[in-house]
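The lines below spell out each chain.
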Amino acid sequence: MSQLYSAGHLAKGEEALDRLLTECQKVAAEILEYIAKLEAHLPFRKWESAYKAVQSVWKRDQIEVFQKRLESLQSTLALRVLLVLNAKADSQADAHRNGFERLAHGNREIVEVMSINQAWLGSSVSDIQQGGDGSAGYVNRNIVGAILTLRNGDTKVLTQKDQPIYHTLGEPPDDSEQTFVTVKENLSRTGGTIEVGNRRHDQVWKEILNALYFRQITDRVDEVSPAHRKTFEWVFRASAFEKNPWDDLPAWLETGTGCYWVNGKAGAGKSTFMKFIREDQRTETALYRWASGAPLIVASFFFWNLGSKLQRSQIGLLRGLLFDVVEAQPDLAPHILPGLYQAVVRGREAKHPEPSFAELKKGFRNLVGLKSNGIKVCLFIDGIDEYDGDHAELSELFAGIPPDSGVKALISSRPIPACVEGFSKCQKLQLQDLTKEDVRIYVTDRVSENTTFKQQLTSEDGPRAVSFLEEIVNKASGVFLWVIIVVRGVLDGLRNGDRIEELRTHLDGLPEDLGKLYQHMLQKLNPVYRRQASEIFQRVFRSITLESEEPFTSMHLAHIESQDPETALSLPLHPLSIDQRYKKSLSMEVRIRGRCCGLVEVLHDYNLDVQLRTINSRITFLHRTVAEFLQNEEVWNGLLALTSKPKFEVNLSLLAGYLIETKTHE
């Protein structure tokens, strides 16, 4: 367009210059005519004759007019010449610029990649000069040979023949140096353009991570109870899979591809099992063997149906997985999230541009598209039955991972129909079929710690005590949650001085179904506490449905129980000290344990000191099955009936609690 503009101006300028030259020729002709008239008066002395001759031919006003015409022609001529020269210069500059653009049209991303990594190389040199290990420089040498980003979002990675995209993050092999060439493909056809980024690589990386991150991204996995000591050890013994129909999980970790499905009944301990596998050193060792020297990335996401919207959505899942991948390997960002990457590089988006669902899905497909001879990624995804969406679609997403991909996934869920069908062709195991010995270890360890039980083991009741423990194991049917609840009841009975036969009678009266067990526990609750228990259940349930960014803590509940809504309005500002808040929270935890039958749990962040972890302790249900039980229409109506006279307003109660928290916060 600029070339056409310059050419047009050049043509118009030359036309104007032609007209000006014609005018100059006319003036010149007039001058020559007057000079010819002067020749007749040459007998006069030289200067005098010239002066008088002019006077005889022209009057003074004619001389002034002629002088002005000459001056005007002179200035106009100079201006027109400058304009023509400028237009010609623009035209030549456009020609040179277009020539350079054609020359560099297919290679502009070289500049982009080099400019982005220039700062990284500088930091690497600085790192080496300052005595660092130079790992940053080594990672930079392993940047993708070529990152091709087209307008349609497709990307391609080029390396030398038979060379992987990345080498292991350990000591670099001798042949790790690669030639980096960035080529734009089919730009003339797609019309793609790339703007050169001038932002530091680490800044771009951090902004991409911030765009993917959300506050509850690791809350669920952090809250899952760790495995009891010596439980789940069978999973790393090949013999555990020899006499059952389930597939060898360690073998899959070391050599398998695609998807492996861990299924189990509600309360069977799937989340604890997934956390155990994810964090065990033997898993890492097996995966490194699978990686065969290529860089290994482990990404995970634990669904939580009782958590925030992102904790139970596909958007949250994809953001969580891609966050782990980009955090581990920043150089993958332009390959799996090209749109987000270039938006951040160009600096034209908001501080933390929110990735769209379509962009996240494309990012996951790009990740799965990594070939197995390059980088290796193992995904750990827990509880996809807690996903608030189409379970069949989500199952197909992971079951469809191709065998030649560098990505594979270990997934857990209940055996709901969509998952049974979706993972029918995948390797699998059924957890409750393999955990009987784990249940035995847990029951024996927990109950045998009790001093009273130890005494009974060494007395004449010893054989009956051992038999009693085995009855618990058999009745559990592999449901760890049932065992945990029952063992708590047994320990309470021992503290109350119950003998073995009394404990057995209590055990015989417990239903094996979790829902019926919860109902049994509520019926056994002291009638004095039932209204208070109902109020707590309603508050916890409402706090979950509100999806507040702030957790519902024991401190909030303490405020609610200590003041009624009207008092909350009139309460003056009165900040409480840390010690005061700690004591109120601790007292509230005791009340929860005494009134909620163990169905409401208080979760602590053990990264904090004792006082802060108590003040900030989060209140939620023991398990998803508790919320499902309470949602039963008959059960819920029964809870509401307990608080009907006077009527309990849960929304007003929560509002009062948050108001008091505001007025008493330091």
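For every chain, the first residue of the written sequence is number 1, and numbering continues from 1 onward in sequence order. Local features in this predicted model are restricted to residues whose pLDDT is 70 or higher, and side-chain atom pairs enter the listing and the counts only when it is 80 or higher, whereas totals over whole chains, interfaces and linings include all residues. Side-chain figures throughout are based on the complete set of non-hydrogen atoms in the structure, without hydrogens or water.

Caption draft 1: Quick look at the overall build of the protein. Runs of E in the DSSP output that reach at least two residues are strands. Runs of H or I that reach at least four are helices, and both are numbered from the N terminus. Along its length, the protein carries 31 helices and nine strands. The criterion used for residue contact is that any of the two residues' heavy atoms lie within 4.5 Å. In the protein, the proportion of contacts linking residues at least 24 apart, taken out of those at least 6 apart, comes to 78%. Total accessible area on the protein stands at roughly 34600 Å², and carbon and sulfur atoms take up 53% of it. Computed by Shrake-Rupley with a 1.4 Å probe, the accessible areas treat only the displayed protein chains as cover when residues are assessed.

Caption draft 2: Main features of the layout of surface pockets. Roughly 360 Å³ of volume is contained in the second largest pocket. Definitions used throughout: a 1 Å grid over protein atoms alone; a cavity as a set of points that fits a 1.4 Å probe which cannot get out; a pocket as an open set with protein on both sides within 12 Å along at least five of seven lines; a lining residue as one with an atom within 4 Å of a point. What lines the second largest pocket is a set of 22 residues, among which R278, V298, A299, S300 and D324 lie closest to the centre. Within the residue set of the lining of the second largest pocket, elements represented by two or more residues are helix 8 (219–223), helix 10 (270–279), helix 11 (281–291), strand 4 (296–302) and helix 12 (314–328). Counting residues per element, the lining of the second largest pocket draws most heavily on strand 4, which supplies six residues. When residue character is reported, Ala, Val, Leu, Ile, Met, Phe, Trp, Tyr, Cys and Pro are called nonpolar, Asp, Glu, Lys and Arg charged, and the others, Gly included, polar. Classifying every residue of the lining of the second largest pocket by side-chain character gives 10 nonpolar, five polar and seven charged. Grid points are joined across faces, edges and corners, and a volume is the space filled by probe spheres set on the points.

Caption draft 3: Up close: the side chain of S395. Topologically, S395 is positioned in helix 16 (residues 391–399). When sequence neighbours within four positions are dropped, the list of residues in contact with S395 reads I384, A418, C419, G422 and F423.

Caption draft 4: Structural view of the sheet that holds strand 7 (residues 427–430). Overall, parallel pairing links the five strands, which are arranged 4-5-6-3-7 in an open sheet. One side of each edge strand has no neighbouring strand; the edge strands of this open sheet are strand 4 and strand 7. Mean inter-strand twist for the sheet, computed between neighbouring axes without regard to direction, equals 10°. Where helix 11 meets the sheet, it contacts strand 4, strand 5 (376–382) and strand 6 (407–413), and its direction lies at approximately 140° from that of strand 5. A pair of strands counts as paired when DSSP detects no fewer than two bridges linking them. Comment: axis = line fitted to C-alpha atoms, over the contacting stretch for helices; angle = value between 0 and 180 degrees taken between N-to-C directions.

Caption draft 5: Structural detail: unusual backbone geometry. The omega angle of the peptide bond from K645 to P646 is -10°, so this bond is cis rather than trans. Positive phi, normally seen in glycine, also occurs at S477, with a value near 55°. Here S477 is to be found in the loop between helix 20 (462–476) and helix 21 (480–495). To sort residues, take the accessible area from a 1.4 Å probe on protein chains only and compare it with the maximum for the residue type: under 20% means buried, over 50% means exposed, and anything in between is partly exposed. We classify S477 as partly exposed; its relative accessible area is 36%. With a phi angle near 55°, C597 is a residue other than glycine that sits in the positive phi range. Tracing the chain through its elements places C597 in the loop between helix 27 (578–595) and strand 8 (600–603).

Caption draft 6: Representation of the pattern of salt bridges. We define a salt bridge as a contact between a side-chain nitrogen of Lys or Arg and a carboxyl oxygen of Asp or Glu at a distance within 4 Å. A full pass over the atoms with the stated rule returns 27 salt bridges. A salt bridge links R440 to E470, with the shortest nitrogen-to-oxygen separation between them at 2.6 Å. In this pair, R440 is assigned in helix 18 (residues 436–448) and E470 in helix 20, connecting sequence segments 30 residues apart. Under the relative-accessibility criterion, R440 is labelled partly exposed at 23%. One salt bridge in this structure joins R593 and E589, with 4.0 Å as the shortest N-O distance. Of the two residues, R593 and E589 are both situated in helix 27; the distance of four residues between them amounts to about one turn of the helix.

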